[in-house]
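Each chain, letter by letter, is given below.
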Amino acid sequence: MNAPLPVEVLKQHLIDPEICIRCNTCEETCPVDAITHHSNNYVVDPEICNGCMACVPPCPTGSIDNWRLVVRAEAYSVQDQLGWEELPQEKPLPVDAAAGGEGGQPMPAPQPESGLAQAPAVTAATPGAAVPPWSAAHPYVNLYTHKTPITATVVGNYRVTGADTESDIHHIVLDFGEQPFPVLEGQSIGILPPGVDALGRPHHARQYSLASPRDGERAGYNNLSLTVKRVTQDHGGAAAHGVCSNYLCDLAKNDTVQVIGPFGHTFLMPNHPQANLIMICTGTGSAPMRAMTERSRRLIGTADIGKLMLFFGARTERELPYFGPLMKLPRDFIDINLALSREPGQPKRYVQDLIRERAAHVRGLLADRNTCIYVCGLKGMEVGVLDALRDVVVQSGEDWSILHDALRREGRLHFETY
Ligand code: FAD
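These numbers were taken from a predicted model, which means no experiment stands behind them.

Asker: I'd like to hear about the site of the ligand, residue by residue, with values.
Answerer: Taken together, 20 residues lie near the ligand, and Gln207, Tyr208, Thr227, Cys244 and Ser245 sit nearest. One of the backbone nitrogen or oxygen atoms of Gln207 is found 2.6 Å away from an oxygen atom of the ligand. Measuring from a nitrogen atom of the ligand, one finds a backbone N or O atom of Gln233 at 3.1 Å. Put simply, the parts of the chain that give the shell around the ligand at least two residues each are strand E9 (206–209), strand E10 (223–229) and helix H3 (243–249). Among the elements that make up the shell around the ligand, the one with the highest residue count is E9 (four residues). Residue classes in the shell around the ligand are distributed as eight nonpolar, eight polar and four charged.

Asker: Break down the sheet that holds strand E16 (residues 413–417) for me, with residues and values.
Answerer: An order of E14-E13-E12-E15-E16 is seen for the five strands of this open sheet, with the pairing classed as parallel. A single partner strand is all that each edge strand has here, and the edge strands are strand E14 (334–340) and E16. The average angle at which neighbouring strand axes cross in this sheet is 10 degrees, direction not considered. Pairing of strand E13 (residues 308–314) with E14 involves seven bridges; the strand directions are parallel. Bridge pairing in E14 places Gly313 opposite Ala339. Across the sheet, helix H8 (residues 381–395) touches strand E12 (276–282), strand E15 (371–377) and E16, and the angle it forms with E16 is around 155 degrees.

Asker: Explain the sheet that holds strand E11 (residues 256–263) to me, using residue names and the numbers behind them.
Answerer: One key point about sheets: their strands pair by backbone hydrogen bonds, in either a parallel or an antiparallel sense. Taken together, the six strands give an open sheet; going across it, the order is E9-E8-E11-E6-E7-E10, and neighbouring strands pair in antiparallel fashion. If you trace the sheet from one side to the other, it starts and ends with E9 and E10, each paired once. Going from strand to strand, the sheet's axes swing by 40 degrees on average, the running direction of each strand aside. With four bridges joining them, strand E6 (residues 150–159) and E11 adopt antiparallel strand pairing. In the sheet register, Ile150 faces E11, and the bridge partner there is Val259.

Asker: For the nonpolar core, give the residues involved together with the corresponding values.
Answerer: Counting residues in hydrophobic clusters, the biggest one holds 26 residues, and the most contacted among them are Ile278, Ile280, Phe311, Ile355, Val362, Ile373 and Val385. Mapped onto this core, the elements with two or more residues apiece are E12, E13, helix H6 (351–357), helix H7 (359–366), E15, H8, helix H9 (400–409) and E16. With seven residues, H8 is the single largest residue contributor to this core. Look past the residues within four positions of Ile373 in its chain and what remains in contact with it is Ile278, Ile280, Leu366, Leu407, Arg412, Leu413 and His414.

Asker: I'd like a rundown of the pairing of strand E8 (residues 188–192), residues and numbers included.
Answerer: Burial of E8 is extensive: five of the five residues sit out of reach of the surface. Of the two faces of E8, the one lined by Ser188, Gly190 and Leu192 and the one lined by Ile189 and Ile191 are each fully buried. Pairing geometry for E8 and E9, over four bridges, is antiparallel. Within the sheet, the bridge partner assigned to Gly190 lies in E9 and is Gln207.

Asker: How would you summarise the side chain of His272 if you had to cite specific residues and measurements?
Answerer: Along the chain, His272 falls in the loop between E11 and E12. With relative accessibility at 14%, the residue His272 sits in the buried group. Contact partners of His272, with chain neighbours within four places excluded, come to Trp134, Ser135 and Asn370.

Rules of the game
Residues numbered from 1 in each chain as written. Predicted model: local features only at pLDDT ≥ 70, side-chain atom pairs only at ≥ 80, totals over all residues. Heavy atoms only, no water. Near = heavy atom within 4 Å. Polar contact = N/O pair within 3.5 Å; in protein donor to acceptor, adjacent residues only side chain to side chain. Helix = DSSP H or I, 4+ residues; strand = E, 2+ residues; numbered from the N terminus. Nonpolar A, V, L, I, M, F, W, Y, C, P; charged D, E, K, R; others polar. Pairing = 2+ DSSP bridges. Axes fitted to C-alpha atoms, helices over the stretch in contact; angles between N-to-C directions. Contact = heavy atoms within 4.5 Å. Core = buried A, V, L, I, M, F, W, Y, C linked by side-chain atoms within 4.5 Å. Buried < 20%, exposed > 50% of the residue type's maximum accessible area, 1.4 Å probe, protein only.

Printed below as a string of C-alpha cells:
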C-alpha cells in the first residue's frame with residue numbers, strides 16, 4: 001500500500017498589526033507585489049510572497065518580520081489578515097507535515113523572527129541602502145509600542161514658515177522628563193492621535209522624523225523636536241483634514257502626547273571623522289537634515305567633521321522651514337543650495353537642477369568613500385534626484401550602476417520619502 005503523501009507546510013510571512021505603523025515601506029519595497037493594505041491592515045498574500053526578505057530590513061518597526069509554520073492548504077488568506085487586530089498564535093502542525101514548496105521544491109528560507117540583523121536585500125525596488133553607514137551609532141528601536149506608549153509633554157510649538165503662506169509647518173518640542181527615550185539623528189517616532197477612525201477603531205500611529213540631534217533639541221535635555229506640516233489637502237489637492245498633523249500643530253504648551261518608537265535603523269549619520277554629508281530635501285524632509293546638521297555643528301571644535309552640502313527645495317523662501325536659522329550657519333561649515341520653484345522674479349528651480357549645476361562639487365564628494373547621501377521629502381522626488389546623481393556621474397565617464405550598487409551596499413545612500 002502507498003504511504004500517505006506528507007502534508008505540505010508553508011513558512012507563512014505575516015505582518016504584526018499591533019506593531020505596524022502603516023508607513024507603506026513594505027508595500028513599496030516588495031519586488032513581487034505580495035504586500036497590500038486597506039484602511040485597517042497591511043498584509044502579505046501567501047500566493048505571491050516568495051520569502052525574498054527584501055521588505056524586512058527597511059521596515060522601521062520590525063512588524064514585518066513574523067512567520068508562522070502553517071499547512072499550505074490552510075494558509076491565512078489576505079481576507080483573514082485584513083480583519084486581524086493581532087497575530088494568531090502558531091498552531092501545532094500535523095505529524096505528517098513536511099516543509100516544502102510547490103512540487104516538493106524547498107521554499108526559500110526566511111529565518112523566523114529574524115529581527116533586523118538580516119543580510120540586506122538590495123533590489124531594484126529599493127533605490128537606497130538597507131544598511132546604515134559603517135560608523136553609525138547603534139540605534140534603539142521599538143522601546144515603546146502601541147500597547148506601551150510613552151507620554152511626552154509639549155514644551156514648544158511654533159510655526160516655522162511665513163504666516164502669509166499656505167504651507168503651515170510647525171516646530172514642536174516634546175519633553176520626556178525622567179523617562180528614557182534615546183534617539184539618533186535620522187530616526188523617527190510614532191504619534192498616537194487621540195480618537196477613533198470612521199470604523200470606530202483607535203487611529204493608527206503617524207510617523208515623524210526627528211528634527212533635533214541625539215542630545216536633545218536643547219543639548220543635555222531629554223527632549224526632541226519634530227517638523228510637522230499641517231495637512232489640509234490630500235495629495236491630489238482636494239480639501240482634507242489630516243488627523244495627526246492637525247492634532248500636533250494645534251497642541252499647546254504643557255499638553256501631553258502618546259509616543260511610540262523610536263523607529264529606523266538605517267537612515268543614520270556616519271560617526272567617523274571626515275565623514276561628508278550630502279543632504280537633499282524638500283519641505284518637512286528638512287527635519288532629519290536639521291538634526292544631522294545640528295549634530296555636526298555641536299561637534300565643531302571637538303571633532304574632525306567633514307563637508308556638509310545641502311540641497312533644499314521649497315516653493316518660496318517663506319515656505320522653507322527654518323529659513324532664518326539656516327542662513328545664519330557659516331558657509332565654511334555647510335554649503336547651502338536653495339531650489340525655489342515659485343519665487344517671484346526667479347526662474348523655477350528644483351533640487352535636481354541644483355545638483356546638476358553643482359556637478360563638479362557633487363562628483364568630488366561622491367568620489368570620496370566618506371560621503372553619505374540622504375534624501376528626504378515627497379515621494380515624487382526620488383526619481384528626479386536619482387536621475388540627477390546619475391547624470392553627474394555619467395558626465396565624468398563613470399558607470400552609475402556600479403557606483404549606485406556600491407552606495408547601497410555600503411550604506412551610503414538613504415531615502416526617506418512619504
Ligand atoms: P491623514 O489623516 O493620514 O490623511 C489625510 C489625507 O491627506 C489623506 O487623503 C492622505 O492621503 C493625505 N495626506 C497624507 N499625508 C499627506 C501629505 N504629507 N501631504 C498631502 N496629503 C497628505 N510628516 C511631517 O509633517 N513631518 C515629518 O517629519 C514626517 N516624517 C515622516 C517620516 C516617515 C518615515 C513617514 C512614513 C512619514 C512622515 N511624515 C511626516 C508623514 C506623516 O507620517 C503623516 O502621514 C502626515 O502628517 C499626514 O498625517 P495626517 O494624519 O495628518 O493625515
